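# Coordinates in review
Below are the chains, spelled out letter by letter.
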Amino acid sequence: YSYGCSPRSNLRRMRYRNPMSEENAAPKNKTHMWARRKARRALAQAAYQWQVSRTEVLQLRRECGEKALDKADAEFFADILTLMVRHCQTLDAQLEPLLDRSATQLDLVERGILRLAATELNHRIDVPYSVVINEYVELTKTFGAQDAYKYVNGVLDRLSQDVRSLEVAANQSR
């Protein structure tokens, strides 16, 4: 009986790291980050579809669940989408003073992304405001018009100062 004498089994033992160590905390957070990023991408598509067809949230979750949410944070997706649909008028009223035109005149992609970001800024205090801005600006670069990301960035920057004033002030004092 040979106990792990092959070179392969020795390599496996040498590579083992305690999954609870600080060294391994980063990959888990990175995986979580990618799952959230993938959920936000699906959210942008779902928000667009909801604005075009007013599809029910459960139907959107089913449709997105088939492909777009593979390896994504499905709970995060459902939470943000449900909150955005439920508070749509409040979000538009909150965004309106920050816009240079009415929300109805915005491109559907921009409007959806601004609503999603506003939802996350208002309801997901566990996500830093800078992450929210960056993620939705990147989505605007992917799905929006050529320079729409600049507009979205400016609106979200002003919104974060209103909604997360303490966090923004603390970040600026560093």
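Now for a quick tour of the structure. (Residues numbered from 1 in each chain as written. Predicted model: local features only at pLDDT ≥ 70, side-chain atom pairs only at ≥ 80, totals over all residues. Heavy atoms only, no water.)

### Considerations on empty space enclosed by the protein
Scanning the model with the defined rule gives one cavity of 30 Å³ or more in all. Each pocket or cavity is described by its volume, and for the largest cavity that value is around 40 Å³. Lining the largest cavity, in full, are Asp92, Leu95, Leu99, Ala103, Leu106, Arg111, Leu114 and Arg115. Breaking the lining of the largest cavity down by element, the ones donating at least two residues are helix H5 (88-95) and helix H6 (108-123). Taken together, the residues of the lining of the largest cavity break down into five nonpolar, no polar and three charged. (1 Å grid on protein atoms, 1.4 Å probe; cavity = no way out; pocket = protein on both sides within 12 Å on 5 of 7 lines; lining within 4 Å. Points joined across faces, edges and corners; volume = space filled by probe spheres on them. Helix = DSSP H or I, 4+ residues; strand = E, 2+ residues; numbered from the N terminus. Nonpolar A, V, L, I, M, F, W, Y, C, P; charged D, E, K, R; others polar.)

### Some words on the packing of H6 against helix H8 (residues 148-163)
Packing of H6 against H8 leaves a shortest axis separation of 10 Å and a crossing angle of 25°. Considered as vectors, H6 and H8 are oriented roughly parallel to each other. Of the two elements, H6 crosses H8, and the hand of that crossing is right-handed. Along the contact surface, H6 presents Glu110, Ile113, Leu114, Ala117, Ala118, Leu121 and Asn122, while H8 presents Ala148, Tyr151, Val152, Val155, Leu156, Leu159, Ser160 and Val163. (Axes fitted to C-alpha atoms, helices over the stretch in contact; angles between N-to-C directions. Parallel < 35°, antiparallel > 145°, perpendicular 65-115°, else oblique. Left-handed = near helix turned anticlockwise from the far one by under 90°. Contact = heavy atoms within 4.5 Å.)

### Here's the deal with the packing of H5 against H6
Orientation of H5 relative to H6, taken along the N-to-C sense of each, is 95°, at an axis distance of 10 Å. When the axes of H5 and H6 are compared, the pair comes out roughly perpendicular. Residue-level contacts link Cys88, Leu91, Asp92, Gln94 and Leu95 of H5 to Leu114, Arg115, Ala118, Thr119 and Asn122 of H6. Split by residue class, the contact of H5 with H6 holds five nonpolar, three polar and two charged.

### Topic: the nonpolar core
The biggest cluster of nonpolar side chains holds 44 residues, and the ones touching the most others in it are Leu43, Phe77, Leu81, Leu99, Leu114, Tyr136 and Leu156. The set of elements that each furnish at least two residues to this core consists of helix H2 (25-53), helix H3 (57-66), helix H4 (74-86), H5, H6, helix H7 (129-143) and H8. Setting aside its immediate chain neighbours within four residues, Leu43 contacts Phe76, Phe77, Ile80, Leu81, Leu116 and Tyr136. (Core = buried A, V, L, I, M, F, W, Y, C linked by side-chain atoms within 4.5 Å. Buried < 20%, exposed > 50% of the residue type's maximum accessible area, 1.4 Å probe, protein only.)

### Structural notes on the environment of Trp34
Take Trp34: it is sitting in helix H2. When the C-alpha positions of Trp34 and Lys71 are compared, they lie 8.5 Å apart, and in sequence the two are 37 residues distant.

Just geometry here; none of it tells us what the structure is for.
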